[in-house]
Amino acid sequence: MTTRGARRGNGSGAPRSVDVARLAGVSQKTVSRVYNDEPYVSAEVRRRVLEAGEELGYRLNNAARALASGRTRSIGVVTLGTALYGPASLIMGVERAVRDTGYALRVVNTLEGDPTGVAGAVDSLLEQGVDGIVISEPIDDGRGENLTARGDVPVLVLGSPTLSTSRTLAAGVGADLMARTATEHLLELGHETVHHLAGPQQWYAARDRLEGWRATLAAHGRRIPDVVEGDWSAATGYKAGRELAADGDMTAVFAANDDMAIGLIRALAEAGRRVPEDVSVVGFDDIPVAAYVTPPLTTMRQPFDTVAQEGLKRLVHSIENPDAPPLPASEPPVDLVVRASTAPPPTRKTPGRGRSLAPSPAGGRSGPPLDGGASTYG
């Protein structure tokens, strides 16, 4: 029985491409073509080469490959070091997507208040010789304007404003459109206006969501209530909910993320304002727990993996085809997940915990689902 690595032509050293070629009965150039995923190799030859490589325990020598190509086969990522669901999920999506490209990943975290900010992180990655850079930096520190002159590598920007260079790609934009969809949903249910629980305004995403909400109300000629700002946490959502609950005319709230929406709902319940009978609430992100809170939360689902996969595909194309035009970007999906936290406004309100009467939702639904079920509109 042959064990992995046993059939080597160079003694006890690591297997080489020439060993794979000998075992598969092909040329060394064919082995290179297979492992570099080049065309013009038949399926049968590709199978034989890969099976021979697996039997020998062969791994492509990325160092040699880098010397031959002039590239390090690495992609750098600049990101804020945070455990918040949105940024963390996007970085996880990037990590998964990079694994599929055959590139190594080098991550540099930035910190709020760091005077070097994104510029320093980009300099660090360029010094390491990365072939491309992903900027997933959600905070506007006011120091990112001059990054375009810092290197001639393609840059993929996730979510934040596009840098002014021909080698900059953008992905993950569209938070304003998702905010419009959330606000439209509440207006279509019959609410006269929609309040907004915003995220911290130094975050690009928070500003986009606020602008999408405001533009939608303005387009419908609706009153634009004062904005309440939180810091993404359930605690600030709870604090905002105590403030908003005092407004007896308030019937709908769009929260900039799910954590704040959950804190808001808790405060409304303590104030005797039922969700959705008295107040409808829409969140943003679709965190895993959103379907299991009481009531299950209507929210905008963010396509983190889709954004990461498409963005990395476009970045790698620009790395490997520097003279070719960039691949076109597709519009990110707009995915509203309708659960039980939204309903038409009450037609008659009574103070305290009195019952609110409301018409059935559009489509004949007599009330919110009791099992946390959801309808998705994308």
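What comes next concerns the included structure. (Residues numbered from 1 in each chain as written. Predicted model: local features only at pLDDT ≥ 70, side-chain atom pairs only at ≥ 80, totals over all residues. Heavy atoms only, no water.)

1. Quick look at the overall build of the chain
Operational definition: Helical segments are the DSSP runs of H or I of at least four residues, strand segments are the runs of E of at least two, and each set is numbered from the N terminus. In this description, contact between two residues means that some pair of their heavy atoms is separated by no more than 4.5 Å. Only the protein chains shown count as cover for residues, and the accessible areas themselves come from Shrake-Rupley with a 1.4 Å probe.
Along the backbone of the chain there are 11 helices and 12 strands. Intrachain contacts of the chain at a sequence separation of at least 6 include 69% that bridge at least 24 residues. Carbon together with sulfur atoms contributes 51% to the accessible area of the chain, which is approximately 18300 Å² in total.

2. A look at the pairing of strand E4 (residues 155–158)
Condition: Between buried and exposed lies partly exposed: a residue is buried under 20% and exposed over 50% of the maximum accessible area for its type, with that area taken using a 1.4 Å probe on protein chains only. Here a strand pair is declared whenever DSSP counts at least two bridges between the two strands.
Side chains of E4 alternate between two faces, with Val-155 and Val-157 and Leu-156 and Leu-158 buried alike. Relative to E4, strand E3 (residues 132–136) runs parallel, the two sharing 3 bridges. Along E4, the bridge assignment pairs Ile-135 with Val-157. Taken together, the 4 bridges between E4 and strand E5 (residues 168–171) define a ladder with parallel strand orientation. Paired with Val-157 across the two strands is Ala-170, which belongs to E5.

3. Here's the deal with the pattern of salt bridges
Which entries qualify depends on this criterion: Put simply, a salt bridge is a Lys or Arg side-chain nitrogen that is within 4 Å of an Asp or Glu carboxyl oxygen.
Here the structure, examined in full by the defined rule, presents 12 salt bridges. Salt-bridge contacts for Asp-286 lead to Arg-339; the nearest nitrogen and oxygen are separated by 3.1 Å. Of this pair, Asp-286 sits in the loop between strand E9 (280–285) and strand E10 (298–301) while Arg-339 sits in the loop between strand E11 (335–338) and strand E12 (375–377), and the two are 53 residues apart along the sequence. Take Asp-286 and Arg-339: they sit in the same class, and that class is buried. Linking Asp-335 and Arg-301 is a salt bridge whose minimum nitrogen-to-oxygen distance equals 3.5 Å. Remark: Arg-301 occurs in strand E10 and Asp-335 occurs in strand E11; sequence separation between them is 34 residues. Relative accessible area serves as the criterion here: at 30%, Arg-301 is assigned to the partly exposed category.

4. Here's the deal with empty space enclosed by the protein
For the record, the criterion: In this analysis the probe radius is 1.4 Å and the grid spacing 1 Å, with only protein atoms considered; a cavity is a set of points the probe fits into but cannot get out of, a pocket is an open set with protein on both sides within 12 Å along at least five of seven lines, and lining residues have an atom within 4 Å of a point. Grid points are joined across faces, edges and corners, and a volume is the space filled by probe spheres set on the points. Amino acids are sorted into nonpolar (Ala, Val, Leu, Ile, Met, Phe, Trp, Tyr, Cys and Pro), charged (Asp, Glu, Lys and Arg) and polar (every other residue, Gly among them).
Following the criterion strictly, the structure yields 1 cavity of 30 Å³ or more and no others. The calculated volume of the largest cavity comes to roughly 490 Å³. Contributing to the lining of the largest cavity are 31 residues, with Leu-90, Ala-205, Arg-209, Gln-302 and Phe-304 lying nearest its centre. The residue inventory of the lining of the largest cavity, partitioned by class, reads 18 nonpolar, 8 polar and 5 charged.

5. Quick look at the packing of helix H9 (residues 234–244) against helix H10 (residues 258–270)
How we decide: Convention adopted: a line fitted to C-alpha atoms gives each axis, helices being fitted over their contacting stretch, and angles between N-to-C directions are expressed from 0 to 180 degrees. Throughout, the term roughly parallel applies to angles under 35 degrees, roughly antiparallel to angles over 145, roughly perpendicular to angles from 65 to 115, and oblique to all others. Crossing handedness: left-handed means the near helix sits turned counterclockwise from the far one by under a right angle, and right-handed means the same turn made clockwise.
Close contact between H9 and H10 brings their axes to 6 Å; oriented N to C, the two are set at 40°. By the criterion of interaxial angle, the relationship of H9 to H10 is oblique. Considering only the axes of H9 and H10, their crossing is right-handed. Contacts between H9 and H10 involve Ala-234, Thr-236, Gly-237, Tyr-238, Ala-240, Gly-241, Arg-242 and Leu-244 on the former and, on the latter, Asp-259, Met-260, Gly-263, Leu-264, Arg-266, Ala-267, Leu-268 and Glu-270. Among the residues making up the contact of H9 with H10, the classes are represented as 8 nonpolar, 4 polar and 4 charged.

6. Thoughts on the nonpolar core
Using the following cut-off: Side-chain atoms within 4.5 Å link the members of a nonpolar core, which is a set of buried Ala, Val, Leu, Ile, Met, Phe, Trp, Tyr and Cys residues.
Core analysis: the biggest nonpolar cluster contains 26 residues, and Leu-197, Val-253, Leu-264, Leu-268, Val-281 and Leu-297 have the highest contact counts within it. Broken down by secondary-structure element, the contributors of at least two residues to this core are H9, strand E8 (252–255) and H10. In terms of residues, this core owes the most to one element, H10, which gives 5 residues. Discounting residues that sit within four places of it in the chain, Val-281 has contacts with Val-253, Ala-261, Leu-264, Ile-265, Leu-268, Val-275, Leu-297, Thr-298, Ser-341 and Thr-342. Of all hydrophobic cores here, the second largest spans 20 residues; its members include Leu-156, Ala-171, Val-307 and Leu-312.

7. Focus on helix H7 (residues 175–188)
Put simply, the test is: By definition here, a helix of n residues has an expected span of 1.5 Å times n minus one.
The end-to-end C-alpha distance of H7, which contains 14 residues, comes to 20 Å, matching closely the 20 Å that a straight helix rising 1.5 Å per residue would cover. When we look at burial in H7, the residues that qualify are Ala-175, Met-178, Ala-179, Ala-182, Thr-183, His-185, Leu-186 and Leu-187. Phi turns positive one or two residues past the end of H7, at Gly-190, with a value near 115°.

8. Concerning the packing of helix H5 (residues 85–101) against helix H11 (residues 304–320)
Two elements in contact, H5 and H11, have axes separated by 8 Å at closest approach and are oriented at 45°. With respect to their mutual orientation, H5 and H11 come out oblique. Where H5 crosses over H11, the handedness of that crossing is right-handed. Contact residues: Tyr-85, Gly-86, Ser-89, Leu-90, Gly-93, Val-94, Arg-96, Ala-97, Val-98 and Thr-101 in H5; Phe-304, Asp-305, Val-307, Ala-308, Gln-309, Leu-312 and Val-316 in H11.

9. A few points about the pairing of E10
Where E9 and E10 come together, 4 bridges link them in parallel fashion. If you follow Gly-283 over to E10, its bridge partner there is Thr-299. Strand direction decides the pairing type here: E10 and E11, joined by 3 bridges, are antiparallel. Counterpart to Arg-301 in the pairing with E11 is Asp-335.

In short, geometric facts, not functional conclusions.
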